[in-house]
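These are the residues of each chain, in order.
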Amino acid sequence: MSRVYNFSAGPAVLPEEVLKEAAAEMMDYKGTGMSVMEMSHRSKAFEEIITDAEQDLRELMNIPDNYKVLFLQGGASQQFAMIPMNLMKNGAADYIVTGQWAKKAAKEAEKYGKVNRIASSEDKTFSYIPDCSDLPVSEDADYVYICENNTIYGTKFKELPNTKGKTLVADVSSCFLSEPVDVSRYGIIYGGVQKNIGPAGVVIVIIREDLITEDVLPGTPTMLTYKTHADAKSLYNTPPAYGIYICGKVFKWLKAQGGLAAMKERNEKKAKVLYDFLDQSSLFKGTVEKKDRSLMNVPFVTGDGDLDAKFVKEAKEAGFENLKGHRSVGGMRASIYNAMPYEGVVALVEFMKKFEEENQ
Ligand SMILES: *Cc1c(COP(=O)(O)O)cnc(C)c1O
């Protein structure tokens, strides 16, 4: 067996310990004689899996009691509709557009109400986070929406926007559990787990209880109503059971690593190796403003499309996979999520140094 260093933006690298455990339990989960994949979601064994997963996530993120944790399906993209359907009581919301995912979310929300784009960084290809300390937040906005870490462009909000009392909703797909957060500052935190937590197919929604109501937009499907899932503890219908099981293992792995404060330290140390190299390289350069740099997604370019392609090809041959930048920006992107080991980033930088020498 040989494993590559996988820099994919998502689905992405998972901790080897977790994969090994899952492999060991594949045929017989804890004496049940079956795989978690084959098990009733109403069984005692699965009930324990989902209850433990929620409990461990609550501990990791220090989630206050007045928030519900929902394990849903449909990916992060389904939340682009579910959020306005459930929250747009006044029929209006403010969006801060810092990349393709926020842009898509804003466009989707327009189907359900008035969308005000109160800030954007599109003027400079989303290479920075706008100053959000004093934005023209709309009087009637039901919420203010951000994408906290921009997976494609490699920027991250280092400070949350001043929402002037309005509910903050954040897509944290690509920075979920990468550092401690103060959950109480958000109305909703949500993310697809396939970036930094688990297998595609699960989306986790952490939502303040007062936002869970029956008063949703007319025509909202039962399955797209938060209350349905909150009341049923994410077991209204068959949940993505195997995915939740793997997420649960990753939560335990994170706890064993020392929790989110320890992860933040590790992620900072890891990202620094790559950013420090980019800052002194004569060939490669980072594409975003330094103050807004993501710890998770690091885009870079040589400035020459052919050379970029050559780099991606040679890197792949050397065991560094998925370094090609997103199709909308080109160049390269190294996603260095929680499960990417420090050694992986060091090895990548060594490879980049060698490529630089050979291609001056
Ligand atoms: C990947 C990603 C999405 C889309 O996720 P899906 O689960 O494929 O719908 C949305 N937001 C962010 C920030 C992402 O990184």
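Residues numbered from 1 in each chain as written. Predicted model: local features only at pLDDT ≥ 70, side-chain atom pairs only at ≥ 80, totals over all residues. Heavy atoms only, no water.

> I'd love a proper account of the overall build of the chain, names of residues and values included.
Helix and strand counts for the chain stand at nine helices and 14 strands. Computed over the C-alpha atoms, the radius of gyration of the chain is 21 Å, within 12% of the 21 Å expected from 2.2 N^0.38 for a compact globule of 360 residues. The dimensions of the chain, computed from C-alpha atoms along their principal axes, are 65 × 60 × 30 Å. The 360 residues of the chain split such that 57% are buried. A total accessible area of about 15800 Å² is found for the chain, and carbon and sulfur atoms account for 50% of it. (Helix = DSSP H or I, 4+ residues; strand = E, 2+ residues; numbered from the N terminus. Rg over C-alpha atoms; globule rule 2.2 N^0.38 Å. Buried < 20%, exposed > 50% of the residue type's maximum accessible area, 1.4 Å probe, protein only. Areas by Shrake-Rupley, 256 points an atom, 1.4 Å probe, with all protein chains shown as cover.)

> Account for the pattern of salt bridges, with residues named and values stated.
Going through the model one piece at a time under the given rule, you end up with 28 salt bridges. Because the salt bridges share partners, they merge into one network encompassing Asp56, Glu59, Lys252 and Lys255. (Salt bridge = Lys/Arg side-chain N within 4 Å of Asp/Glu carboxyl O.)

> Describe the environment of valine 36, listing the residues and the values that go with them.
You can see valine 36 is positioned in the loop between helix H1 (16-24) and helix H2 (44-61). Look at valine 36 and you get buried, because its relative accessible area is 2%. Here the alpha-carbon distance between valine 36 and alanine 241, two residues 205 residues apart in the chain, equals 7.4 Å. When near neighbours in sequence (up to four residues on either side) are disregarded, valine 36 contacts Tyr29, Phe46, Ile49, Ala241, Tyr242 and Tyr245. (Contact = heavy atoms within 4.5 Å.)

> Outline the site of the ligand, listing residues and values.
Residues in contact with the ligand, as listed here, are Gly75, Ala76, Ser77, Phe80, Trp101, Cys147, Asn149, Thr151, Asp171, Ser173, Gln194 and Lys195. With respect to the ligand, the side chain of aspartate 171 contributes an N or O atom lying 2.6 Å from a nitrogen atom. Against a free-state accessible area of 390 Å², the protein chains account for coverage of 86% of the ligand. Among the residues forming the shell around the ligand, the class breakdown is four nonpolar, six polar and two charged. (Near = heavy atom within 4 Å. Polar contact = N/O pair within 3.5 Å; in protein donor to acceptor, adjacent residues only side chain to side chain. Nonpolar A, V, L, I, M, F, W, Y, C, P; charged D, E, K, R; others polar.)

> An account of the sheet that holds strand S11 (residues 285-286) is requested, with residue identities and associated values reported.
Reading across the sheet, the three strands line up as S11-S12-S14 and stay open at both edges, with antiparallel pairing between neighbours. Where the open sheet ends on each side, the last strands, each with one partner, are S11 and strand S14 (332-335). Contacts from helix H7 (residues 259-280) reach S11, strand S12 (297-301) and S14 within the one sheet, and its direction differs from that of S12 by about 20°. (Pairing = 2+ DSSP bridges. Axes fitted to C-alpha atoms, helices over the stretch in contact; angles between N-to-C directions.)

> An account of helix H4 (residues 100-109) is needed here, citing residue identities and associated values.
Since the α-helix turns once every 3.6 residues, residues separated by three or four places project in the same direction. Turning to H4, its buried residues number three or more, namely Ala102, Ala105, Ala106 and Ala109. Seen from one end, H4 has its buried residues packed into an arc of 100°, which puts them on one side. Against helix H3 (75-87), strand S3 (92-97), strand S4 (114-120) and strand S5 (144-147) lie the buried residues of H4. (Arc of directions from axis to C-beta.)

> Please give an account of empty space enclosed by the protein that cites residues and values.
Going through the model one piece at a time under the given rule, you end up with two cavities of 30 Å³ or more. What the largest cavity holds in volume is close to 80 Å³. Together, Met61, Glu148, Lys156, Val172, Cys175, Phe176, Leu177, Ser178, Glu179, Val181, Ile189 and Leu260 line the largest cavity. Residues that form the lining of the largest cavity fall into these classes: eight nonpolar, one polar and three charged. Taken as a whole, the second largest cavity spans an internal volume of roughly 50 Å³. Lining the second largest cavity are Val13, Leu14, Pro15, Asn196, Ile197, Val250, Trp253, Leu254, Tyr337, Asn338 and Ala339. (1 Å grid on protein atoms, 1.4 Å probe; cavity = no way out; pocket = protein on both sides within 12 Å on 5 of 7 lines; lining within 4 Å. Points joined across faces, edges and corners; volume = space filled by probe spheres on them.)

> Give a detailed account of the state of the cysteines, specifying residues and quantitative values.
On inspection of all chains with the given rule, the structure shows zero disulfides. Here cysteine 147 is not cross-linked by a disulfide; its sulfur's nearest cysteine counterpart is in cysteine 175, at 7.7 Å. Of all cysteine sulfurs, the one in cysteine 175 lies closest to cysteine 247, which takes part in no disulfide; the gap is 16 Å. (Disulfide = S-S within 2.5 Å.)

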